[in-house]
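Close look at the chain arrangement
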Amino acid sequence: MSFIENKIESYVEICEDPTPEPAGIIIFGASGDLTFRKLIPSIFNLFKKRKLKNFYLLGVGRSKLTDEEFRDKILKRLNNLKSDKNIIEKFILHTYFLSGNYSQDKMYKDLRSKLLELDRKHNTTGNHLFYFATPPNIYMPIINYLGENKLTVETQEKYSRIIIEKPFGHNLESSKKLDYQLHNYLNEKQIYRIDHYLGKETVQNIMMLRFANIIFEPLWNYKYIDNIQITVAEQIGVENRVGYFDQTGLLRDMFQNHILQLLTLITMEPPASLSADMVHDEKIKVLKSIRPFPKEKLNNFIIRGQYIEGKINNEMKKSYIEDIKKESKTETFIAAKLYIDNWRWSGVPFYLRTGKRLKKKITEVAIIFKDVPHSIFSDFYPIKIEPNALILRIQPDEGFSLVIQAKQPGSKICINTLNMEFKYKNFFEYEKQDAYERLIIDALLGDQTLYVRSDVMEESWKVVTPILDVWEKDNATLFYYPSGTWGPEEANYLIEKDGRKWRKL
Ligand code: BG6
């Protein structure tokens, strides 16, 4: 047995998640898309792994569902997962539904008595985790009514926590207002602002790769890195989220949260420990160091695009306008260049892009190193030596690779570029865990490391709100791109005018 295999086996126990305390999980917006697509399968998986013992799941929503009807819907969803029927049957016995109107006190009175009843029945000692999966315009009434009905009160014996879905506000002001409202009834330790990218295995691995290895850190700065590129590309369009998406746009939907979170993990200083506050403190420093986008020359730094019709995998896709069936200037693509003005990243450009209906679904971070200072091979090999690159593949095909130069076998001096690849699936035998599963168990365990702290949220809105303000005032330029491409041509100019190129994906 090799050293590595040995180590992995002996660490199994340390690597296991602890079992959370008993708790009731209450989902607001329980008849919605997110609940059935992500939350219920994730909670079920935790149950299957015996991480939820004394627990219940109470769905709350406007739909007039009985417990039986809700259970039928859950059954249908879980049967799709092809799991053991016995376990599904057992899980179902922990699920309930309460229907009501979010803006009426009566619902919260009903909720209070229902929780008392279920706490007793399932022996959950009064711990409650409330999940806000409703449209965001309902967050405020829910918070107020929960607060007024003392459902947010914690004691020595029981906790009350909330997980709140994005969008967390639609600009700096509204996000601060929402935060203020939350803090009327809850303290920061009770609030879990979710960004599901932080729950992805490979995103968590960014910290491991950087801080559990010594070989990268000396190179991780302006002296050795030429530029960093982050791409979050999707093939899907807006599907059944037209109303939400058209009001939101991609800058708010993907950039303010997922992209900026990836950026902070890549660029922050090593925290002294993995405690939530230490990690968030380092993220804040990065966000505060992002150079403000120059309002007068915004187009030189950020490009907005919208998809038109085009082919993806030989299938013709409609334009955004046809998809949503109305005129709209909402962006479905963003490419941006930014700088982080601190000692480590001085002068290093970060090129970031995200879009819908692009050529393929891929999320990757590419760290492109500088050229060698002088090529001793130039007499024999008068071709520019490719720079090294470290590619972190977030999804799909999770892993990372190192682009490196080596001699091509043969009598001549010929250099070839190699890709040293690590793929999770080739090395670890593991059942892929959905990001939501990771994040829900963390909230049950009271671990906020992978959630977004109030000031981190505020700083990320500070980065994007000035852009939104200019766009709103000036009727921002929108560039069109055919579905199935990598975005508008202007996104290429953005990087090519600096003498660089987007990495070929
Ligand atoms: C969500 C966005 O946060 O992330 C969606 O609201 C997007 O628009 C989704 O499709 C992408 O997530 P993933 O995990 O599929 O990359």
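Everything discussed here concerns the structure shown above.
These lines cover the structure that appears in this document, whether it is placed above or below.

Some remarks on helix H10 (residues 242-267)
At Gly249, H10 shows its largest kink, close to 100 degrees. Along H10, 22 of the 26 residues are buried, which leaves the element largely enclosed by surrounding structure.

Overview of the pattern of salt bridges
Considering all chains together, one arrives at 39 salt bridges under this definition. One salt bridge connects Asp226 with Arg500, and the closest N-O pair in it is separated by 2.6 Å. A residue pair is termed long-range when its members are at least 10 positions apart, and Asp226 in strand E7 (residues 225-233) and Arg500 in the segment after helix H16 (489-496) qualify at 274 residues. In this structure, the salt-bridge partner of Arg344 is Glu269, at a minimum N-O distance of 2.8 Å. A residue pair is termed long-range when its members are at least 10 positions apart, and Arg344 in the loop between strand E11 (333-339) and strand E12 (349-355) and Glu269 in the loop between H10 and helix H11 (276-289) qualify at 75 residues. Take Glu269: its relative accessible area is 30%, and that puts it in the partly exposed class. Taken together, the shared-partner salt bridges in this structure form one network comprising Lys189, Asp277, Asp281, Arg453 and Asp455.

With respect to a nonpolar patch on the surface
Side chains of Ile376, Phe377, Phe380 and Ile413 sit close together on the surface and give an oily, nonpolar patch of about 400 Å² of accessible area. Mapped onto the fold, Phe377 is located in the loop between strand E13 (362-369) and strand E14 (389-395). Classification of Phe377 as partly exposed rests on a relative accessible area of 33%.

Here's the deal with the nonpolar core
Phe28, Leu58, Leu111, Phe130, Tyr131 and Phe132 are the most contacted members of the largest nonpolar core, which totals 144 residues. At eleven residues, the largest contribution of residues to this core is made by H10. When neighbours within four sequence positions are excluded, Leu111 is seen to be in contact with Ile26, Phe28, Leu58, Val60, Leu98, Phe130, Leu146 and Leu151. Within the second largest apolar cluster, five residues are counted, among which are Ala366, Ala389, Ile391 and Val403.

Calculation criteria
Residues numbered from 1 in each chain as written. Predicted model: local features only at pLDDT ≥ 70, side-chain atom pairs only at ≥ 80, totals over all residues. Heavy atoms only, no water. Bend = angle between axes of the 7 residues up to and from the residue. Helix = DSSP H or I, 4+ residues; strand = E, 2+ residues; numbered from the N terminus. Buried < 20%, exposed > 50% of the residue type's maximum accessible area, 1.4 Å probe, protein only. Salt bridge = Lys/Arg side-chain N within 4 Å of Asp/Glu carboxyl O. Patch = residues over 30% accessible without salt bridge, like charges linked within 9 Å, V, L, I, M, F, W, Y side chains within 5 Å. Areas by Shrake-Rupley, 256 points an atom, 1.4 Å probe, with all protein chains shown as cover. Core = buried A, V, L, I, M, F, W, Y, C linked by side-chain atoms within 4.5 Å. Contact = heavy atoms within 4.5 Å.

In short, the description is geometric, and any link to function would need to be established separately.
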